[in-house]
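Structural description and commentary
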Amino acid sequence: MDFKSFKIRIILIVLAAFPTVTLFSQNARIKIDTDRTIGQVDKNLFGNFVEHLGRCVYGGIYDPGSPLSDEQGFRKDVMEAVKGLNVSHVRYPGGNFVSNYHWLDGVGPANERVPRMELAWARLEPNTFGTNEFIQFCRKVGTEPYFSVNMGTGTIEEAQRWVEYCNVKDGPYYAELRKKHGFPEPYNIKYWSLGNEMDGFWQMGHLSAEDYSKKAREAAKLMRLTSPGIKLVAAGSSNYRPNADPDEWNSTILHELRDVVDYIALHIYVGNPDNNYYNFMSTPLVCEQRTKIVKGMINKEMAKADRGTREPIYIAWDEYNVWYRARTDESMQGTRALEEPYNLEDALVIAGFLNVFVRNSDVVKMADMAQLVNVIAPIWAEKNGIYKQTIYYPLALFANNIKGTSLDVFVDCGTYDTDEFFIGLGESKTKQAHVPYLDVSATYNNGEVVLCVVNRNKDKAIPTDLLCQKGEFTGAFKVFEINGPDIKSMNNFDKENVKTVTKPDINAKGIKLTYSFPAHSLTMIKGQIK
Ligand code: AHR
């Protein structure tokens, strides 16, 4: 055998022995079929949350006397940034705060309002900002209010009176009180949640699932009799500590409230305290698992519910975020509580959450990033200005582009397994197997497909064939990318290291489009299928 044939034979032997060591490696594949639909994407997937906590309200959205504020005291620079998030609705006023909040303290002439001791976050609540100021804020930024009533230290009567104050045009005392306060027209607030995290031992007025169900059912009765069109949200599980039973809580309240409520609220916070990138990047899948478990419970109850023509119960992920740094006793109290700085890997986890909501849009119909400004937030405000944290960008990209029908895409790519790790501080452990490097969602609207792809691979780009199963890709496809110099890159007042960058268009024609998704990135690709 001559030397050349010997070399060829050796190469063939190596290839046969290691078929996966690819000299001719295959691209990953994403198949898009516009007939394979999941559900309508609700605009309420892109909501947010304002709590009386730290500098979210005072020194965040509201800063009377600041040269950066308007005549009513609202920060103009903050409002501009909020508008960029295209926020569908904002949950208010808490959070843990609401369980010791009495809404009457926050209405009426400012000089008659009294400060109160605030027990949830150990601060003094001045009450200079309340219902009417919040509604003004919502109107200025073009978003819808979503109120949470106090089911902890509050009564069902107090909840009813708040609905009357907000939604009844005239006649009864609290409707007239609103008018006396200078607001002649009712606000017609549609979304109301029946308390916050009532399964948590930390909640003031914490209840058992049975006691919560009874109180929530009666509150709902009074609130609906006052304003029949409102949508009600039950407080689902938030306690995932090892000694808690979140499934038991959810199944009990869904059973008890199946004829009453319109949504069940779930909360999730994740973190990376062990500095393990790959574990952390898999945490949105925990949100997806919890979604599927609760979806099963809803389906079981809906089969026997007596809801007339009302829609089934949906899931509201009305608090989600990365939160683990500002979680010491010290950083959870006072005026600078929960000021969490974010980096690129956090932004990619947020993109993962948003992909989960879109992929499960048949049942997830509401989601709220917690929170809007300063407190675990996409917007960081100081006296002299603001900057946009890394997590601002994925939320803005989704909120401004994602609508229509969610598609069930087929994804074929490499995977990895995680170690056993803590999802969030104090929570039980998880272990995730076969985590795909590419995390994908797709939506379709009037001939336009939008693909959102997180490449979880820290080091490698992933060349991918996008395959159109019905019709053809056509014309210029827009490409947006969120990435940064490395996974720990952060933004600050001087520099935006992580932001949305518009890449050159791809000219598409036919059923295949190839794109290489860069390491540690979110890419949105948007174009027509004909
Ligand atoms: O968003 C911060 C806090 O997290 C909220 O007040 C509470 O509902 C949750 O535990």
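Residues numbered from 1 in each chain as written. Predicted model: local features only at pLDDT ≥ 70, side-chain atom pairs only at ≥ 80, totals over all residues. Heavy atoms only, no water.

Details of the sheet that holds strand 11 (residues 314-322)
- An order of 3-4-7-8-9-10-11-12 is seen for the 8 strands of this closed barrel, with the pairing classed as parallel. The sheet shows a mean angle of 30° between the axes of neighbouring strands, taken without regard to direction.
- By the bridge criterion, 3 bridges tie strand 9 (residues 231-235) to strand 10 (residues 263-270) in an arrangement that is parallel. Pairing of Ala 235 across the sheet is with Ala 265, part of strand 10. (Pairing = 2+ DSSP bridges. Helix = DSSP H or I, 4+ residues; strand = E, 2+ residues; numbered from the N terminus. Axes fitted to C-alpha atoms, helices over the stretch in contact; angles between N-to-C directions.)

A closer look at the nonpolar core
- Ile 30, Trp 192, Leu 194, Tyr 212, Met 223, Tyr 320 and Phe 357 are the most contacted members of the largest nonpolar core, which totals 157 residues.
- Top contributing element to this core by residue count: helix 10 (residues 344-359), with 10 residues.
- In terms of domain composition, this core takes at least three residues from each of domain 1 (27-38 + 407-529) and domain 2 (42-404).
- Every residue in contact with Phe 357, bar those within four places of it in the chain, is listed here: Leu 45, Cys 287, Trp 317, Tyr 320, Val 364 and Ala 367. (Core = buried A, V, L, I, M, F, W, Y, C linked by side-chain atoms within 4.5 Å. Buried < 20%, exposed > 50% of the residue type's maximum accessible area, 1.4 Å probe, protein only. Domains from an automatic or database assignment. Contact = heavy atoms within 4.5 Å.)

Some thoughts on a negative patch on the surface
- A contiguous patch of negative charge, built from Glu 210, Asp 211, Asp 245, Asp 247 and Glu 248, is present on the exposed surface.
- Elements supplying a minimum of two residues to the negative patch: helix 6 (209-226) and helix 7 (246-256).
- Mapped onto the elements, Glu 210 comes out in helix 6.
- Under the relative-accessibility criterion, Glu 210 is labelled partly exposed at 46%. (Patch = residues over 30% accessible without salt bridge, like charges linked within 9 Å, V, L, I, M, F, W, Y side chains within 5 Å. Areas by Shrake-Rupley, 256 points an atom, 1.4 Å probe, with all protein chains shown as cover. Salt bridge = Lys/Arg side-chain N within 4 Å of Asp/Glu carboxyl O. Lys, Arg positive; Asp, Glu negative; His and termini not counted. Charge placed at Lys NZ, Arg CZ, Asp CG, Glu CD.)

Some words on the site of the ligand
- Surveying the vicinity of the ligand reveals 13 residues, the closest of which are Glu 51, Asn 96, Glu 197, Tyr 269 and Glu 319.
- Within the contact set of the ligand, an oxygen atom lies 2.8 Å away from a side-chain nitrogen or oxygen of Tyr 269.
- For the ligand, an oxygen atom lies 2.7 Å from a polar atom in the side chain of Glu 319.
- Considering the ligand on its own, with 280 Å² of exposed area, one finds that the protein chains cover 96% of that surface.
- Among the residues forming the shell around the ligand, the class breakdown is 6 nonpolar, 4 polar and 3 charged. (Near = heavy atom within 4 Å. Polar contact = N/O pair within 3.5 Å; in protein donor to acceptor, adjacent residues only side chain to side chain. Nonpolar A, V, L, I, M, F, W, Y, C, P; charged D, E, K, R; others polar.)

Brief notes about the packing of aromatic side chains
- As enumerated under the stated definition, the model contains 39 aromatic pairs in all.
- With a centroid separation of 6.3 Å and an interplanar angle of 65°, the aromatic rings of Phe 280 and Tyr 324 are classed as edge-to-face. Of the two residues, Phe 280 is situated in helix 8 (residues 277-281) and Tyr 324 in the loop between strand 11 and helix 10; the sequence distance between them amounts to 44 residues. Both residues of the pair, Phe 280 and Tyr 324, belong to the buried class.
- When the centroid spacing of 6.4 Å and the interplanar angle of 15° are considered together, the rings of Phe 353 and Phe 357 count as stacked. Taken together, the positions of Phe 353 and Phe 357, both in helix 10 and 4 residues apart, correspond to about one turn of that helix. Here Phe 353 matches Phe 357 in class, with each residue buried.
- Over the face of the ring belonging to Tyr 314 we find Lys 365, whose NZ or CZ atom lies 5.4 Å from the ring centre. (Phe/Tyr/Trp six-rings, centres within 6.5 Å; stacked < 30°, edge-to-face > 60°. Lys NZ or Arg CZ within 6 Å of the ring centre and 35° of its normal.)

Points about the packing of helix 6 against helix 7
- Following both chains from N to C, one finds helix 6 and helix 7 inclined at 30°, their axes separated by 9 Å at the closest point. Note that helix 6 runs across helix 7; the crossing there is right-handed. Of the residues in helix 7, those touching helix 6 at Ala 209, Glu 210, Tyr 212, Ser 213 and Arg 217 are Trp 249, Thr 252, Ile 253 and Glu 256.
- The residue makeup of the contact of helix 6 with helix 7, split by class, is 4 nonpolar, 2 polar and 3 charged. (Left-handed = near helix turned anticlockwise from the far one by under 90°.)

Notes on the pattern of salt bridges
- Across all of its chains, the model carries 40 salt bridges by this definition.
- A salt bridge links Glu 80 to Lys 83, with the nearest nitrogen and oxygen atoms 3.6 Å apart. In this pair, Glu 80 and Lys 83 are both assigned in helix 2 (residues 76-84), 3 residues apart and thus about one turn of the helix distant.
- The shortest N-O distance in the salt bridge between Arg 359 and Asp 439 comes to 3.1 Å. A residue pair is termed long-range when its members are at least 10 positions apart, and Arg 359 in helix 10 and Asp 439 in strand 21 (residues 438-445) qualify at 80 residues. Here the two residues Arg 359 and Asp 439 agree in accessibility, since each one is buried.

Focus on the side chain of Thr 283
- Turning to its location among the elements, Thr 283 is positioned in helix 9 (residues 283-302).
- Thr 283 sits in the buried class, given a relative accessible area of 0%.

Digging into the sheet that holds strand 25 (residues 499-510)
- Across the sheet, 7 strands lie side by side as 2-15-21-22-27-24-25; this open sheet has antiparallel pairing. Where the open sheet ends on each side, the last strands, each with one partner, are strand 2 (37-40) and strand 25. Each strand axis lies, on average, 20° off the axis of its neighbour in the sheet, ignoring direction.
- Taken together, the 3 bridges between strand 15 (residues 405-407) and strand 21 define a ladder with antiparallel strand orientation. Looking at the pairing, Leu 407 lines up with Ala 442 of strand 21.
- Across the sheet, helix 10 lies against strand 2, strand 15, strand 21, strand 22 (448-455), strand 24 (473-483) and strand 27 (521-529), angled at about 50° from strand 21, the strand it touches most.

Things to note about the environment of Ser 516
- Looking at the element boundaries, Ser 516 is found in strand 26 (residues 512-517).
- Measuring from C-alpha to C-alpha, the distance between Ser 516 and Ile 462 comes to 5.2 Å, with 54 residues separating the pair along the chain.

Considerations on unusual backbone geometry
- Cis geometry is adopted by the peptide bond preceding Pro 93, which originates at Tyr 92 and carries an omega value of 5°.
- With respect to the element layout, Pro 93 can be found in the loop between strand 4 (89-92) and strand 5 (116-118).
- Gly 95 follows Gly 94 through a cis peptide bond whose omega is 15°.
- With respect to the helices, strands and loops of the structure, Gly 95 is situated in the loop between strand 4 and strand 5.

Some words on helix 11 (residues 392-401)
- Most of helix 11 sits out of view: 9 of its 10 residues are buried.
- By the burial criterion, the buried members of helix 11 are Tyr 392, Tyr 393, Pro 394, Leu 395, Ala 396, Leu 397, Phe 398, Ala 399 and Asn 401.

Some words on the domain arrangement of the chain
- According to the domain assignment, the chain consists of domain 1 (27-38 + 407-529) and domain 2 (42-404).
- The distance between the C-alpha centroids of domain 1 and domain 2 comes to 28 Å.
- At the junction of the two partners, domain 1 supplies 52 residues and domain 2 supplies 52 residues.
- For the domain 1 and domain 2 pair, buried surface summed over both sides reaches about 4,500 Å², with 61% attributable to carbon and sulfur atoms.
- Our count for the contact surface shared by domain 1 and domain 2 stands at 3 salt bridges.
- Between Lys 488 and Glu 345 there is a salt bridge, and its shortest N-O distance comes to 2.8 Å.
- At the junction of domain 1 and domain 2, the tally comes to 22 residue pairs in polar contact (both at pLDDT 80 or more).
- Listed by contribution, the elements that provide at least two residues to the side of domain 1 that touches domain 2 are strand 20 (435-436), strand 21, strand 22, strand 24, strand 25 and strand 27. (Buried area = accessible area lost by both parts, 1.4 Å probe.)

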